[in-house]
Amino acid sequence: MSFIPAPGHVLIEAVHRDETSQGGIILPDSAKQSNTGKIIAIPPLPNDDPQFPGLEHVGMVVVYVPESQKNFPGMENNQALIKTENILGVISE
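Remember, it's a predicted structure, so these values are computed and weren't measured experimentally.

S.K.: Any chance you could break down the sheet that holds strand β4 (residues 79-83) for me, citing the residues and the numbers?
M.R.: Spatial strand order, β4-β1-β2-β3-β5: five strands in an open sheet with antiparallel pairing. Looking at the sheet topology across the chains shown, the edges are occupied by β4 and β5 (87-91). Taken over all neighbouring pairs, the strand axes of this sheet differ in orientation by 45° on average, direction set aside. Relative to β5, strand β3 (residues 61-64) runs antiparallel, the two sharing four bridges. Residue pairing across strands places Val 61 opposite Ile 91, the latter belonging to β5.

What counts, and where the lines are drawn
- Residues numbered from 1 in each chain as written.
- Predicted model: local features only at pLDDT ≥ 70, side-chain atom pairs only at ≥ 80, totals over all residues.
- Heavy atoms only, no water.
- Pairing = 2+ DSSP bridges.
- Helix = DSSP H or I, 4+ residues; strand = E, 2+ residues; numbered from the N terminus.
- Axes fitted to C-alpha atoms, helices over the stretch in contact; angles between N-to-C directions.

Shown next, in the form of structure tokens:
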């Protein structure tokens, strides 16, 4: 399925956390909920869009407000639509 988000939105794929912490502690389900996702679809916008500068690249990993995600029929379980204003930042490697 091909999905093109409306302006001001991006489609993300959730990046899930590991079952255990770095110290070997098994994490409960509530601690595994992630607010991190990889952008997999963007609306067709000009590169100099002042509303969303520098984040319009597919593949970027972002941190977002988890309550802002919307799921629709036909989307995979790990995909969500979020408004660009709910992106808190970019994780760089």
